[in-house]
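Okay, here's what each chain looks like letter by letter:
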Amino acid sequence: MQLGFIGCGVISTEHVEGLAELKSSGLETFELSAVCDIQFERAANFALEVEKRLGKRPAVYSDYRVMLEIEQLDAVSILVNHDLHHSVAEDCFAAGVNVQMQKPLAISPSFGQKMISDAKKYNRVLTVSEPSVLGAANVAMVNAVKDGIIGSVFLIMDYATVSLNRGFFAGTPWRHMKGKAGAGWINDHGVHRTHFFTEINGAIDEVFAYTEIFEKELSNGELTIKPTGEDTAVTVFKFNNGGLGHWMCATSAHGERTGGVWIYGNKGCLRPGQHVTLDDGRRILIPELIEKYASDIIKHPFGHSYVELWDAIVKNKTPISSAQRGLEALGVVFAALESATIGQPVKVNDILNGKKHKYEDTVFDEMESNK
Ligand SMILES: NC(=O)c1ccc[n+]([C@@H]2O[C@H](COP(=O)([O-])OP(=O)(O)OC[C@H]3O[C@@H](n4cnc5c(N)ncnc54)[C@H](O)[C@@H]3O)[C@@H](O)[C@H]2O)c1
């Protein structure tokens with residue numbers, strides 16, 4: 001099948017790595033036949049990279065609508081800033097093209113709902129390329145926990161802080177503006193985590209959070225911005241099954257960064273990406289988990305995301321990283337943001353059904369003023 005990329009920025013190269021792994025594993029895969037970026041030179045340089053890695057140079061466009069019209073694409077991967085996810089997806093569906101979306105599914109939950117109904121309306125596939133639940137290691141960890149390796153999960157702790165020295169995350173100023181990114185790092189990075197938490201331990205019921213913007217100005221020397229997305233979020237939550245969580249993320253750290261996730265069950269602890277430690281001190285490493293629980297899954301999370309896209313189109317198979325699961329993960333992030341806005345705990349369902357939207361309204365306002 002023919003694949004197009006819309007957006008050739010920071011993450012696009014890793015997607016090509018994923019496609020390359022599929023090809024070298026002899027698995028059926030898409031041909032990346034067209035790429036598009038509003039910065040034409042970026043797309044042209046990216047096409048050269050694609051040729052080096054995959055052996056064929058894709059056609060280059062600066063207007064995705066033209067690309068959709070000229071090329072006979074079966075699917076596209078949409079790799080643009082969050083405020084464009086829903087509108088670009090709708091144009092693709094309307095052109096008869098299936099979509100793989102980058103996380104977060106949408107800039108906010110109500111746009112996510114719209115995308116899911118647009119996919120239904122046009123009878124097209126919509127998947128989310130969420131690396132935290134894809135690839136052999138992540139699938140193995142989830143399957144192992146579901147198989148009871150650490151007993152029943154009752155506590156998740158996740159601490160992630162990075163130091164930007166008042167610069168831009170990944171060189172991208174848009175990530176700090178809620179009208180482009182939906183929120184600060186709690187959305188961009190946080191949604192990876194909420195997707196993983198809910199994959200491993202089921203739905204989250206309620207969230208309480210404090211959020212702040214501590215760094216009032218960010219700059220790369222040429223451009224200075226006043227961020228509207230939160231740089232610090234401290235959150236507690238409760239799963240439907242009674243388990244508790246403490247999750248925080250910040251781009252405001254100075255001097256030292258930190259990162260660590262602990263999943264505690266009543267028999268042991270999973271350290272994602274590292275190992276499982278059981279009560280008797282026994283350690284089980286990730287390769288062992290992969291062998292037992294995910295030996296048939298490709299290693300590269302983005303490679304796996306294209307297997308999921310292929311299987312959804314050809315076999316009508318529900319992907320692990322479905323749009324619905326992406327929406328639920330986004331709902332947890334927005335429950336935290338809503339909670340910090342109104343000063344009360346917030347049910348995730350009240351976000352998903354649109355009952356609570358004070359924070360989301362501020363995103364709409366900024367999107368409107370950007371027009
Ligand atoms: N690990 C991950 O899963 C991961 C990591 C990074 C980014 N992402 C996601 O990927 C997406 C892109 O992030 P990025 O870091 O590559 O951003 P980026 O800013 O580096 O790249 C976005 C690209 O989209 C282009 N673009 C903007 N509007 C366009 C349009 N209308 N038509 C065509 N091109 C357009 C921009 O010129 C830019 O080159 C975001 O949704 C982000 O959250 C996911």
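Rules of the game
- Residues numbered from 1 in each chain as written.
- Predicted model: local features only at pLDDT ≥ 70, side-chain atom pairs only at ≥ 80, totals over all residues.
- Heavy atoms only, no water.
- Helix = DSSP H or I, 4+ residues; strand = E, 2+ residues; numbered from the N terminus.
- Expected span 1.5 Å × (residues − 1).
- Buried < 20%, exposed > 50% of the residue type's maximum accessible area, 1.4 Å probe, protein only.
- Contact = heavy atoms within 4.5 Å.
- Salt bridge = Lys/Arg side-chain N within 4 Å of Asp/Glu carboxyl O.
- Pairing = 2+ DSSP bridges.
- Axes fitted to C-alpha atoms, helices over the stretch in contact; angles between N-to-C directions.
- UniProt positions renumbered as here; feature names shortened; annotations may be inferred.
- Parallel < 35°, antiparallel > 145°, perpendicular 65-115°, else oblique.
- Nonpolar A, V, L, I, M, F, W, Y, C, P; charged D, E, K, R; others polar.
- Near = heavy atom within 4 Å.
- Polar contact = N/O pair within 3.5 Å; in protein donor to acceptor, adjacent residues only side chain to side chain.
- Lys, Arg positive; Asp, Glu negative; His and termini not counted.
- Core = buried A, V, L, I, M, F, W, Y, C linked by side-chain atoms within 4.5 Å.

Focus: helix H5 (residues 109–121)
Across its 13 residues, H5 extends 18 Å between first and last C-alpha, which sits within 8% of the 18 Å expected from 1.5 Å per residue. Burial in H5 covers these residues: Pro109, Phe111, Gly112, Met115, Ile116, Asp118 and Ala119. Here the buried face of H5 lies against helix H4 (85–94), strand S5 (98–102), strand S6 (126–129), helix H12 (323–342), helix H13 (348–352) and helix H14 (358–370). Within two residues after H5, Asn123 carries a phi angle of roughly 55°, on the positive side.

Digging into the pattern of salt bridges
Per the counting criterion, the structure on display carries 23 salt bridges. Between Glu90 and Lys114 there is a salt bridge, with the nearest N and O atoms lying 3.0 Å from each other. Highlighted residues: Glu90 in helix H4 and Lys114 in helix H5, separated in sequence by 24 residues. According to the relative accessible area criterion, Glu90 is partly exposed, its value standing at 22%. In this structure Lys114 comes out as partly exposed when scored by relative accessible area, which is 29%.

Focus: the sheet that holds strand S3 (residues 59–61)
Judged by pairing direction, the sheet is parallel, and its six strands sit side by side in the order S3-S2-S1-S4-S5-S6 without closing on themselves. Whereas interior strands pair on both sides, the edge strands pair on one side only; in this sheet they are S3 and S6. Each strand of the sheet is rotated relative to its neighbour by a mean of 25°, with strand direction disregarded. Bridge count for strand S2 (residues 31–36) against S3 is three bridges, and the pairing is parallel. Looking at S3, one finds that Ala34 is bridged to Ala59. Against the sheet, helix H1 (residues 12–24) touches strand S1 (2–6), S2, strand S4 (75–78), S5 and S6, its axis set at about 160° to S1.

Things to note about the UniProt feature "domain: Gfo/Idh/MocA-like oxidoreductase N-terminal" (unreviewed entry) in the chain
When the UniProt feature table is mapped onto this chain numbering, "domain: Gfo/Idh/MocA-like oxidoreductase N-terminal" (unreviewed entry) sits at residues 3–128. Within the segment residues 3–128, helix and strand shares are 46% and 20% respectively, and the terminal C-alpha atoms sit 15 Å apart.

Description of the UniProt feature "domain: GFO/IDH/MocA-like oxidoreductase" (unreviewed entry) in the chain
The feature "domain: GFO/IDH/MocA-like oxidoreductase" (unreviewed entry), as given by UniProt, occupies residues 143–270 in the numbering adopted here. Along residues 143–270 the backbone is 19% helical and 38% strand, and the end-to-end C-alpha distance reaches 12 Å.

Quick notes on the packing of H4 against H5
With their axes 10 Å apart at the nearest point, H4 and H5 run at an angle of 0° to one another. Classed by the angle they form, the pair H4 and H5 counts as roughly parallel. Across the interface between the two elements, His85, His86, Ala89, Glu90 and Phe93 of H4 pack against Phe111, Lys114, Met115, Asp118, Ala119 and Lys121 of H5. The residue inventory of the contact of H4 with H5, partitioned by class, reads five nonpolar, two polar and four charged.

A word on the sheet that holds strand S8 (residues 204–212)
What the nine strands build is an open sheet, ordered S16-S15-S14-S13-S7-S12-S11-S8-S17; its pairing is mixed. The open sheet has two edge strands with one neighbour each: strand S16 (283–285) and strand S17 (346–347). Pairing analysis gives eight bridges linking strand S7 (residues 153–161) to strand S13 (residues 258–265), with the strands arranged antiparallel. Counted as the bridge partner of Thr161 is Thr258 from S13. Where helix H9 (residues 190–201) meets the sheet, it contacts S7, S8, strand S11 (232–239), strand S12 (244–250), S13 and strand S14 (268–271), and its direction lies at approximately 165° from that of S7.

Section: the site of the ligand
Among the 25 residues in the neighbourhood of the ligand, the closest are listed as Asp37, Arg42, His82, Trp174 and Arg175. Asp37 places a side-chain nitrogen or oxygen 2.5 Å from an oxygen atom of the ligand. Separating an oxygen atom of the ligand from a side-chain N or O atom of Lys103 is a distance of 2.9 Å. When its residues are assigned to classes, the shell around the ligand shows 11 nonpolar, nine polar and five charged.

Quick notes on the side chain of Glu230
Summarising the element assignment, Glu230 is placed in the loop between strand S10 (224–225) and S11. Buried charge Glu230 goes without a salt bridge, the closest partner of opposite sign being Lys178 at 4.8 Å. Here the side chain of Glu230 touches Tyr359 through a polar contact of 2.7 Å, side chain to side chain. Excluding residues that lie within four positions of it along the chain, Glu230 makes contacts with Ala183, Gly184, Trp185, Ile186, Thr211, Glu212, Ile213, Leu337 and Tyr359.

Observations concerning the nonpolar core
Counting residues in hydrophobic clusters, the biggest one holds 84 residues, and the most contacted among them are Val76, Leu126 and Leu289. Counting residues per element, this core draws most heavily on H12, at 10 residues. The residues touching Val76, leaving out its near neighbours within four places in the chain, are Leu3, Gly4, Ile6, Met67, Leu68, Cys92, Val97, Asn98, Val99 and Gln100.

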